[in-house]
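The lines below spell out each chain.
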Amino acid sequence: MAVASYFYPALAPFAADARMSRGRLIPEPASPTRTDFHRDRDRIVHATAFRRLKHKTQVFVAPYGDHYRTRLTHTIEVAQIARSLARALGLDEDLAETCALAHDLGHTPFGHTGEDALDDVMRAFGGFDHNAQSLRIVTRLERRYATFDGLNLCWETLEGLVKHNGPLIGADGEPTERYRKRGIPEPLLEYDALHPLDLSTHASAEAQVAALADDIAYDAADIDDGLRAGLFSIDDLEEVPFLWEIVCHIRALYPNLERTRLIHELSRRVITHLVEDVISVSRERLASLNPNTADDIRMAGAPVIAFSDQVAAHDQSLKAYLFAHVYRHPTVLPVREQAASVVRDLFRALLAEPAALPLEWSQGIETLDEARRARRVADYIAGMTDRYALDTHRRLFDRTPDLR
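Parameters and conventions
Residues numbered from 1 in each chain as written. Predicted model: local features only at pLDDT ≥ 70, side-chain atom pairs only at ≥ 80, totals over all residues. Heavy atoms only, no water. Helix = DSSP H or I, 4+ residues; strand = E, 2+ residues; numbered from the N terminus. Contact = heavy atoms within 4.5 Å. Phe/Tyr/Trp six-rings, centres within 6.5 Å; stacked < 30°, edge-to-face > 60°. Lys NZ or Arg CZ within 6 Å of the ring centre and 35° of its normal. Core = buried A, V, L, I, M, F, W, Y, C linked by side-chain atoms within 4.5 Å. Buried < 20%, exposed > 50% of the residue type's maximum accessible area, 1.4 Å probe, protein only.

Things to note about unusual backbone geometry
- Phi is positive for F110, which is not a glycine, with a value near 65°.
- The phi dihedral of D198 is positive, around 55°, even though this residue is not glycine.
- By secondary structure assignment, the location of D198 is in the loop between helix 9 (186–194) and helix 10 (205–228).

What about the environment of V278?
- Among the structural elements, V278 can be located in helix 12 (residues 259–289).
- Between the C-alpha atom of V278 and that of A213, which follows or precedes it by 65 residues, the distance is 9.5 Å.
- Leaving out residues up to four positions away in the same chain, V278 has contacts with L85, L212, I216, I305, A306 and F307.

Looking at the packing of aromatic side chains
- The final tally for this structure, using the stated rule, is 5 aromatic pairs.
- One aromatic cluster is present, built from ring pairs that chain together W361, Y380 and Y388.
- One cation-aromatic arrangement involves R22 over W155; the distance from NZ or CZ to the ring centre is 3.8 Å.
- Taking the ring centre of Y145 as reference, the NZ or CZ of R43 above it sits at 5.0 Å.

Some thoughts on the nonpolar core
- Counting 88 residues, the largest nonpolar core has L105, L237, L243 and L266 as the members making the most contacts within it.
- A total of 11 residues in this core trace back to one element, the largest contributor, which is helix 10.
- The next biggest cluster of nonpolar side chains, apart from the first, holds 28 residues, and it includes L118, L346, A378 and M384.

Listed below in structure tokens is the structure:
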């Protein structure tokens with residue numbers, strides 16, 4: 001039975017159209033009640049890896065408190081912003097949301113600290129990249145369906161997951177800047193050889209929307225969490241001129257506003273400032289390009305969904321401030337190092353003694369070469385929540401850091 005026409009929204013001509021999807025690696029009958037992109041979104045939401053995000057660190061390790069962002073709450077915020085941007089630009093909201101929901105599936109416990117530690121210990125075996133890990137999860141590691149591993153997502157969803165930050169291969173045939181030094185991660189190349197994702201082109205406008213939604217959500221959330229954690233004060237934000245202008249405007253409107261409400265006002269006004277800029281600039285770029293198909297967006301040679309130069313500068317100044325005052329704050333750094341030591345300890349112990357892995361992970365591991373054994377151990381650790389990583393460390397070691 002074909003999907004009823006009323007399930008397909010009216011879209012701009014350059015939007016990704018689920019009816020024109022390049023399909024799934026393993027063909028499946030269409031759903032009579034959902035478009036293919038809607039179906040992909042549902043598969044991600046029901047995935048084990050998605051549920052685990054609720055106990056994975058965003059910036060602060062869980063014991064800091066219950067009100068700071070986790071990977072799950074961050075992902076929900078990204079999805080909300082992506083959907084809003086997609087609607088304003090006439091794009092497929094389901095695909096934009098799907099790309100947003102999938103973008104952090106490959107993150108390790110303890111945020112970027114865990115990723116850096118796992119990449120370090122995996123250096124001799126191809127390294128670790130959370131983007132490549134997200135692809136492994138949705139194409140191999142999720143085991144829910146009777147006839148295939150992974151989630152068997154649409155080409156457009158996989159393209160968005162892999163290329164939301166731009167092409168992986170440049171016009172010269174070499175890896176783009178992000179991968180120039182170490183090469184494109186092997187898991188990405190392995191899958192591309194099986195199901196080509198056009199690594200030299202940009203992704204759809206929907207995937208580009210998800211990428212900027214991630215930036216916007218990060219910026220607003222890290223201001224909010226950093227202020228609530230006491231890592232810096234509202235008055236300290238005078239160092240970031242565009243933020244300080246917003247703070248002064250709020251204070252002029254509401255002179256006696258309590259601190260918690262001021263923080264919320266600041267966060268939401270930052271989101272509005274960035275979102276409205278993206279919509280305005282992207283509409284101008286789309287009008288100039290005048291694309292007639294989604295492939296025109298892919299072949300444009302540059303992102304079509306973007307900040308203005310002025311707001312891009314605002315974004316960079318904010319990120320520089322947050323890097324110094326949140327990610328490298330004196331009270332955060334020791335916890336980050338302790339978290340990294342947990343990941344390094346787990347990797348070395350489990351690689352040396354694979355029998356300590358659960359049966360589903362240890363079965364057949366003795367037949368693998370060292371690189372594949374290491375990759376399996378990395379897959380297992382990357383899937384851990386912060387809490388499970390600490391519990392496993394306590395089981396294997398006499399002393400485990402108290403991450404506070």
